[in-house]
Amino acid sequence: MWADTLLGLEQGHVLRLAVWAAACIVGGTAVLAAIIVRRMDAPMLRHFGIQTAAWGAVNGLIALWAWRGLTLRDFAGAQRLVNFLWLNTGLDIGYAAVGVTLMLTGWRLGRRLGLVGAGFAVCIQGLVLALLDYRLIVLIGPLR
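Bear in mind the structure is a predicted one, so any value in this text is a computation, not a measurement.

Caption draft 1: Focus on the overall build of the chain. Along its length, the chain carries 4 helices and 0 strands. Going from N to C terminus, the chain has its helices and strands arranged as α-α-α-α. Buried residues in the chain amount to 35% of all 144 residues. Taking the intrachain contacts of the chain between residues at least 6 apart in sequence as the baseline, contacts between residues at least 24 apart amount to 79%. When the accessible surface of the chain is split by element, carbon and sulfur atoms take 70% of a total near 8,800 Å². For the chain, the distance from the average position of its 12 positive side-chain charges to the average position of its 6 negative side-chain charges is 13 Å.

Caption draft 2: Main features of the side chain of D133. Mapped onto the fold, D133 is located in helix α4 (residues 113–140). Within the buried core, D133 has no salt-bridge partner, and the shortest N-O distance to an opposite charge, that of R16, equals 9.2 Å. A polar contact of 3.2 Å, which involves the side chain of D133, links it to the side chain of H13.

Caption draft 3: Inspection of the packing of helix α1 (residues 3–37) against helix α2 (residues 43–68) at higher detail. Where α1 meets α2, the closest approach of the two axes is 7 Å, and the angle between their N-to-C directions is 155°. As judged from the angle between their axes, α1 and α2 are roughly antiparallel. For α1 against α2, the interelement crossing comes out left-handed. Looking at side-chain class alone, the contact of α1 with α2 contains 19 nonpolar, 8 polar and 1 charged residues.

Caption draft 4: Geometry of a nonpolar patch on the surface. Taken together, F84, L87, L91 and Y95 make up a surface patch of nonpolar side chains, about 390 Å² in accessible area. Looking at the element boundaries, L91 is found in helix α3 (residues 75–108). With relative accessibility at 40%, the residue L91 sits in the partly exposed group.

Caption draft 5: Main features of unusual backbone geometry. At R39, a position not held by glycine, the phi torsion is positive, near 50°. The residue R39 is located in the loop between α1 and α2 in this model. Non-glycine residue R111 carries a positive phi angle of around 55°. By the secondary structure assignment, R111 is in the loop between α3 and α4.

Caption draft 6: Just α4, in detail. A rise of 1.5 Å per residue sets the reference length of α4, with its 28 residues, at 40 Å; its end C-alpha atoms lie 41 Å apart and thus fit the reference within 8%. Within two residues after α4, G141 carries a phi angle of roughly 75°, on the positive side.

Caption draft 7: Fine view of the layout of surface pockets. In this model, the largest pocket occupies a volume close to 630 Å³. For the lining of the largest pocket, the elements supplying multiple residues, two or more each, are α1, α2, α3 and α4. Sorting elements by how many residues they give to the lining of the largest pocket places α3 first, with 7 residues. For the lining of the largest pocket, the residue count by class is 15 nonpolar, 4 polar and 5 charged.

Caption draft 8: Highlighting the environment of R135. Mapped onto the elements, R135 comes out in helix α4. As for R135 and L85, which are separated by 50 residues in sequence, their C-alpha atoms are 9.8 Å apart.

Conventions and cut-offs
Starting afresh in each chain, residues are numbered from 1 along the sequence in its written order. Note on the predicted model: pLDDT of at least 70 is required for a residue's local features to be given, and 80 or more for side-chain atom pairs to be given and counted; whole-chain, interface and lining totals, by contrast, use all residues. Each side-chain value is derived from all of the structure's non-hydrogen atoms; neither hydrogens nor water enter the calculation. Here a strand is any run of E in DSSP of at least two residues, a helix any run of H or I of at least four, and the numbering for each starts at the N terminus. Burial status follows relative accessibility: with a 1.4 Å probe on protein chains alone, a residue under 20% of its type maximum counts as buried, one over 50% as exposed, and anything between as partly exposed. The contact definition used throughout considers only heavy atoms, calling two residues in contact when any of these lie within 4.5 Å. Here the open area of atoms and residues is found with the Shrake-Rupley method and a 1.4 Å probe, where only the protein chains shown may cover a residue. When charges are counted, neither His nor the chain ends are considered; positive counts come from Lys and Arg and negative counts from Asp and Glu. Taken as the charge location is NZ of Lys, CZ of Arg, CG of Asp or CD of Glu. Within this document, salt bridges are pairs made up of a side-chain nitrogen of Lys or Arg and a carboxyl oxygen of Asp or Glu, the two lying within 4 Å of each other. Residues adjacent in sequence count toward polar contacts only when both atoms are side-chain atoms; beyond that, a polar contact is any pair of N or O atoms within 3.5 Å, and within protein one must be able to donate a hydrogen and the other to accept it. What counts as an axis is a line fitted to C-alpha atoms, over the stretch in contact for a helix, and the angles between N-to-C directions run from 0 to 180 degrees. Any angle from 65 to 115 degrees is called roughly perpendicular, while one under 35 is roughly parallel, one over 145 is roughly antiparallel, and all others are oblique. Left-handed describes a crossing whose near helix is turned anticlockwise from the far helix through less than a right angle; right-handed describes the clockwise counterpart. Each residue is assigned to one class: nonpolar for Ala, Val, Leu, Ile, Met, Phe, Trp, Tyr, Cys and Pro, charged for Asp, Glu, Lys and Arg, and polar for all the others, Gly among them. A residue counts toward a patch only above 30% relative accessible area and without a salt bridge, and it is joined to like-charged neighbours within 9 Å or, for Val, Leu, Ile, Met, Phe, Trp and Tyr, to nonpolar neighbours within 5 Å. The span you would expect from a helix comes to 1.5 Å times its residue count less one. As defined here, a cavity is a set of points on a 1 Å grid over the protein atoms alone where a 1.4 Å probe fits but cannot get out. A pocket is an open set with protein on both sides within 12 Å along at least five of seven lines, and residues line them when an atom is within 4 Å of a point. Grid points are joined across faces, edges and corners, and a volume is the space filled by probe spheres set on the points.

Have a look at this one:
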C-alpha cells in the first residue's frame, strides 16, 4: 500500500470518528434537553444522555488530536498503526463489556434505571468505536 493511500484511509477514519462524536454530542444533548423541557423524571434517559454527550466530547477531542498528527507513514509506521488499531479494538470491546455489566448490575440491584441507561450508552460507544477501528484494519489489509 502506498503512503498516500494509507494517509487517505486514516483521514477518512478520523473524519468518521469526528462525525460520530458530533452525532453523540447532539443526540445526548437533545435527550437531556427533552427531559428538561418536559420536566420528566427519567433517570435512564438522563444517564444515557449524559454518557452519550460525554463520550462524544471525548471522541471529538481524540479526533482533533489525531487529525493534527496525520502524516505519511513508512512500513514500520503502518505496522505500528495496525498494532494500535488492534489494541484499540480490544479496548473498545472491553468498553462494551463494561456497559453490559453496568446494565445487568443496575437491573439486578433493584432496577436502578440510571445505571442501566449509562451502561447502555457505554455499550453502544464501545461497539461503534470497535466497528470504526476494525473497518480501518480491514481497509488497510495485510501489510507486505
